[in-house]
Amino acid sequence: MQLEVNGQLHTLPELASDPAMPLLWVLRDGLNLTGTKYGCGVAACGACTVHVDGEPRRSCVTPLGSVLGHAVRTIEGLGHAEPHPLQLAWLAEQVPQCGYCQSGMLMAAAALLAHNAHPSDDDIDAAITNLCRCGTYPRVRTAIKQAARLWPRDVGKK
């Protein structure tokens, strides 16, 4: 069984070949891509957010079988040779505190900006439903707006 992740085709190891297995465990345990985090296991917190064909998906409840033949992008694939505009804005605005939710938050923000070049606060609130126990939501909004000003429109269009 093969899966496209971050632009590369991966042959999945035996432990990650059950089509019902959550994508999160395939990524973390099967492919050793540990940037995507386990938070709640019920798609409520967003720590496990990845992109499937450019759309944000909660990988903890997404069965492997539903993404076969589709392009999966994880936080490891967000910034390629250099940091992504969102990663730079996250640092500039000092968004992370504990950092646990940040990979999912960044992936949700990247999906938002790929579809909306100039999001309002309401747009951001509607798209970023990820939970942050540190409460850095105002910084998240500021960083997303900063990244939108730097965002090359071809980022994330793979």
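Anything mentioned here points back to the structure above.
Since the model is a prediction, treat every value here as computed from it, not as a measurement.

**Student:** Give a detailed account of unusual backbone geometry, specifying residues and quantitative values.
**Tutor:** In this model, Ala43 sits at a positive phi of 65°, which is unusual for a non-glycine residue. Given the relative accessible area of 27%, Ala43 is considered partly exposed. A positive phi angle, near 50°, is found at Gln94, a position not held by glycine.

**Student:** So what about helix α1 (residues 23–30)? Which residues, and what values?
**Tutor:** Of the positions making up α1, those classed as buried are Leu23, Leu24, Val26, Leu27 and Gly30. Immediately downstream of α1, the backbone of Asn32 shows phi near 60°, a positive value.

**Student:** Break down the side chain of Gln146 for me, with residues and values.
**Tutor:** As for its position among the elements, Gln146 is in helix α5 (residues 137–150). Non-local contacts of Gln146, meaning those with residues more than four positions away in its chain, are made with Ala89, Ala92 and Glu93.

**Student:** Which residues make up the sheet that holds strand β1 (residues 2–5), and what values go with them?
**Tutor:** Read across the open sheet, the five strands follow the order β2-β1-β5-β3-β4; overall the sheet is mixed. In this open sheet, the two edge strands, each paired with only one partner strand, are β2 (8–11) and β4 (55–58). Strand-to-strand twist across the sheet, computed as the mean angle between neighbouring axes with direction ignored, equals 40°. Contacts between helix α3 (residues 102–115) and the sheet are confined to β3 (49–52), β4 and β5 (71–73), with β3 contributing the most and set at about 40° to the helix.

**Student:** Now, about the environment of Gly79: what can you tell me, with residues and values included?
**Tutor:** Tracing the sequence through the fold places Gly79 in the loop between β5 and α2 (85–92). Look at Gly79 and you get buried, because its relative accessible area is 18%. Through-space distance from the C-alpha of Gly79 to that of Cys101 is 17 Å; in sequence the pair is 22 residues apart. Dropping the residues within four chain positions of it, Gly79 is found in contact with His84 and Gln87.

**Student:** Can you tell me about the environment of Thr62, naming the residues and giving the values?
**Tutor:** Topologically, Thr62 is positioned in the loop between β4 and β5. Judged by relative accessible area, Thr62 falls into the buried class, the value being 5%. With 39 residues separating them along the chain, Thr62 and Leu23 place their C-alpha atoms 5.6 Å apart. In this structure, Thr62 is in contact with Met21, Pro22, Leu23, Arg57 and Val67, ignoring residues within four places of it in sequence.

**Student:** Please give an account of the packing of α2 against α5 that cites residues and values.
**Tutor:** Two elements in contact, α2 and α5, have axes whose closest approach is 8 Å; the angle formed by their N-to-C orientations is 135°. The angle between α2 and α5 places the two elements in the oblique class. In this structure, α2 meets α5 at a crossing whose hand is right-handed. For the pair α2 and α5, contact is made by Pro85, Leu86, Ala89, Trp90 and Ala92 and by Val140, Ala143, Ile144, Gln146, Ala147 and Leu150, respectively. Along the lines of polarity and charge, the residues of the contact of α2 with α5 split into 10 nonpolar, one polar and no charged.

**Student:** Quick rundown of the nonpolar core? Include the residues and the values.
**Tutor:** Counting 24 residues, the largest nonpolar core has Leu86, Trp90, Met105, Leu113, Ile128 and Ile144 as the members making the most contacts within it. Mapped onto this core, the elements with two or more residues apiece are α2, α3 and α5. Considering each element in turn, this core owes the most residues, eight residues, to α3. For Met105, the residues in contact, after removing those within four places along its chain, are Trp90, Ile128, Asn130, Cys132, Tyr137 and Val140. With 15 residues, the next largest nonpolar core counts Leu3, Leu12, Met21 and Val52 among its residues.

Calculation notes
- The numbering scheme is per chain: residues are counted from 1 as the chain's sequence reads.
- Only residues with pLDDT of at least 70 are given local features in this predicted model, and only at 80 or more are side-chain atom pairs given and counted; all residues enter the totals for whole chains, interfaces and linings.
- With hydrogens and water set aside, each side-chain value is computed from the structure's full complement of heavy atoms.
- Here the term buried applies to any residue with accessible area under 20% of the maximum for its type, exposed to any over 50%, and partly exposed to those in between, with areas from a 1.4 Å probe on protein chains only.
- Helix numbers and strand numbers start at the N terminus; a helix is a DSSP run of H or I with at least 4 residues, a strand a run of E with at least 2.
- Should any heavy atoms of two residues lie within 4.5 Å, those residues are considered in contact.
- Pairing between strands is defined by DSSP: at least two bridges between the two strands are required.
- Think of each axis as a best-fit line through the C-alpha atoms, taken over the contacting stretch in the case of a helix, with angles from 0 to 180 degrees between the N-to-C directions.
- Under this scheme an angle from 65 to 115 degrees is roughly perpendicular, one under 35 degrees roughly parallel, and one over 145 degrees roughly antiparallel; angles in between are oblique.
- By definition, turning the near helix anticlockwise from the far helix through less than a right angle yields a left-handed crossing, and turning it clockwise yields a right-handed one.
- Residues are grouped as follows: nonpolar covers Ala, Val, Leu, Ile, Met, Phe, Trp, Tyr, Cys and Pro; charged covers Asp, Glu, Lys and Arg; every other residue, Gly included, is treated as polar.
- Buried residues of nine kinds, namely Ala, Val, Leu, Ile, Met, Phe, Trp, Tyr and Cys, make up a nonpolar core once their side-chain atoms join them within 4.5 Å.

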